Amino acid sequence: MKIQIRTLAAAGLLLGFFVVGLGAWTRLADAGLSCPDWPTCYGHLTWPTSPDEIARADALYADDAPYSVALAIPEMIHRIVAGALGLLVLGLLILALRHRTGLTRRALTITSVLAGLIVAQATFGYLTVSLKLWPHIVVTHLLGGFSVLALLFWLWLETGPAPRSGPAGAPRILAWGALIAVVLQIALGGWLSANYAALACTELPGCRQGAFWPPMDFASGFNLFGLDIGVNYLGGALSQESRTAIHIVHRLWALVVCALVITWAWQLRSFGWRLLAPGGADASPAAWLLLLVGMQFSLGLLNIVLQLPLGIAVAHNLGAALLLLAGVYALHRSSTMEASPA
């Protein structure tokens, strides 16, 4: 039964990764309010397609932006796939409860937390639309999605072959510090995206117009109580100075994340540097951490140089998810498996 749960967790992990990508696509394509109701789209289970349906949709929601099928499609695909993930997690919970004697207490706890988190994610999905992309909800919804992904991966690891015992491969304080730094950077990236600050700086290594430190308003940019509920935040509501402050903090914290992750990877070097190995048992967490942090840094630079192309921006979001999973994998291995010679 543990094998079945692990297989279902793997399927959920792949589906969850797809949901994160679709969420990024929806947000970056400015499609977050393309369907003003929830969970339907203008009352449809998919989206209006015929001229009559579109005319009724525009008449019904005359105060909202004109209906666009090109924007409704990514929004509804995201909702449908997220719903499928929710059903999968429900199946995981039922299976785990029915066969709980064959699972560890930690696996049961992870499954229960996952089910609760999925319910919360559905609620935040509704609030994202009803509160018109209020940045606080957008960021919380984003972090919830990444948490679902991390827990599914953790469940997959937990239900795998019993690890060998042995000394930790890296100081736990460093491991947790690096992982928390990654999570904070993901939150900063969500805040940056929710406030449309990705293009507040358009130059490298400076910010804009040759200035390394242009006028910035950190107080307004990070004032969590300064954004009113009910305002339509599509396109953002902060000043240029506030958005610049958010962008610069995201850049600077990226350097901190890189330094911590690279140091962590160096501490994990006793696991070797192989990205892949037969069965994945000997894959090196150090190599994955270095590869993914380097990829993330490069994608961040490309977003600035190429002025935030949709494909690169979505890849940057997915790269953050992979880096988080690599961190979870590294922490799991360094704390439970015997370090092998490099």
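This structure is a prediction, so every number in the text was calculated from the model and none was measured. (Residues numbered from 1 in each chain as written. Predicted model: local features only at pLDDT ≥ 70, side-chain atom pairs only at ≥ 80, totals over all residues. Heavy atoms only, no water.)

So, the state of the cysteines
Counted according to the given criterion, the structure contains two disulfides. Each disulfide pairs two cysteine sulfurs, and for C35 the partner residue is C41, the sulfurs being separated by 2.0 Å. The S-S bond linking C35 to C41 shows a torsion near -75 degrees; that makes this disulfide left-handed. For C41, a relative accessible area of 0% translates into the label buried. For C201, the disulfide goes to C207, at an S-S distance of 2.0 Å. Of note, the bridge from C201 to C207 carries an S-S torsion of about -80 degrees and is left-handed in sense. (Disulfide = S-S within 2.5 Å. Buried < 20%, exposed > 50% of the residue type's maximum accessible area, 1.4 Å probe, protein only.)

Section: the nonpolar core
One recurring pattern in soluble globular proteins: nonpolar side chains tend to sit buried together. Within the largest apolar cluster, 62 residues are counted, with the highest numbers of intra-cluster contacts made by L114, F146, L155, W264 and L289. Put simply, the parts of the chain that give this core at least two residues each are α1 (2-28), α3 (69-98), α4 (105-130), α5 (135-158), α6 (172-194), α8 (240-267), α9 (285-305) and α10 (310-336). Looking at this core, the element that brings in the most residues is α10, giving 12 residues. Apart from the residues within four sequence positions on either side, L114 is in contact with V89, V148, L151, L152 and L155. Counting 16 residues, the second largest nonpolar core, distinct from the first, contains L131, I137, W191 and A198. (Core = buried A, V, L, I, M, F, W, Y, C linked by side-chain atoms within 4.5 Å. Helix = DSSP H or I, 4+ residues; strand = E, 2+ residues; numbered from the N terminus. Contact = heavy atoms within 4.5 Å.)

A look at the confidence of the model for the chain
The predicted coordinates should not be examined in detail at positions where pLDDT is low. When pLDDT is averaged along the chain, the result is 89, and 92% of the positions lie at 70 or above. Low pLDDT, under 50, characterises residues 164-168; the stretch is placed with 11 contacts to residues that sit more than four places away or in other chains. Under a pLDDT of 50 for its full length, residues 338-342 has, in the predicted model, 13 contacts with residues more than four places off or in other chains. (pLDDT = per-residue confidence, 0-100.)

Quick notes on a nonpolar patch on the surface
A surface patch of nonpolar side chains, amounting to about 1,100 Å² of accessible area, comprises L204, F212, W213, F218, F222, L252, L255, F297, L301, L302, V305 and L306. The leading source of residues in the nonpolar patch is α9, at four residues. Residue position: F297 is located in helix α9. (Patch = residues over 30% accessible without salt bridge, like charges linked within 9 Å, V, L, I, M, F, W, Y side chains within 5 Å. Areas by Shrake-Rupley, 256 points an atom, 1.4 Å probe, with all protein chains shown as cover. Salt bridge = Lys/Arg side-chain N within 4 Å of Asp/Glu carboxyl O.)

Looking at the pattern of salt bridges
All told, the structure shown has two salt bridges when counted by the stated rule. The shortest N-O distance in the salt bridge between E75 and R79 comes to 2.8 Å. Of the two residues, E75 and R79 are both situated in helix α3; the distance of four residues between them amounts to about one turn of the helix. On the accessibility criterion, E75 (6% relative accessible area) is buried. Judged by relative accessible area, R79 falls into the buried class, the value being 12%. The partner of R106 in a salt bridge is E158, with the nearest N and O atoms 3.6 Å apart. Residue R106 is found in helix α4, and its partner E158 is found in helix α5; the two are separated by 52 residues along the sequence. Under the relative-accessibility criterion, R106 is labelled partly exposed at 45%. Residue class for E158 comes out buried when judged on its relative accessible area of 16%.

Re the packing of aromatic side chains
In this description, an aromatic ring pair is defined by two values, namely the gap between the centres and the angle between the planes. This structure, assessed with the given rule, holds four aromatic pairs. The lysine or arginine in question, R6, covers the ring of W156, its NZ or CZ lying 3.8 Å from the ring centre. (Phe/Tyr/Trp six-rings, centres within 6.5 Å; stacked < 30°, edge-to-face > 60°. Lys NZ or Arg CZ within 6 Å of the ring centre and 35° of its normal.)

Overview of the packing of α3 against α4
Running from N to C, α3 and α4 cross one another at 155 degrees; their axes reach a closest spacing of 9 Å. When the interaxial angle is binned, α3 and α4 end up roughly antiparallel. α4 is crossed by α3, and the crossing has left-handed handedness. Here α3 contributes E75, R79, L85, G86, V89, L92, L93 and A96 to the contact with α4, which in turn contributes L108, T111, S112, L114, A115, I118 and V129. Residue composition of the contact of α3 with α4, by class: 10 nonpolar, three polar and two charged. (Axes fitted to C-alpha atoms, helices over the stretch in contact; angles between N-to-C directions. Parallel < 35°, antiparallel > 145°, perpendicular 65-115°, else oblique. Left-handed = near helix turned anticlockwise from the far one by under 90°. Nonpolar A, V, L, I, M, F, W, Y, C, P; charged D, E, K, R; others polar.)

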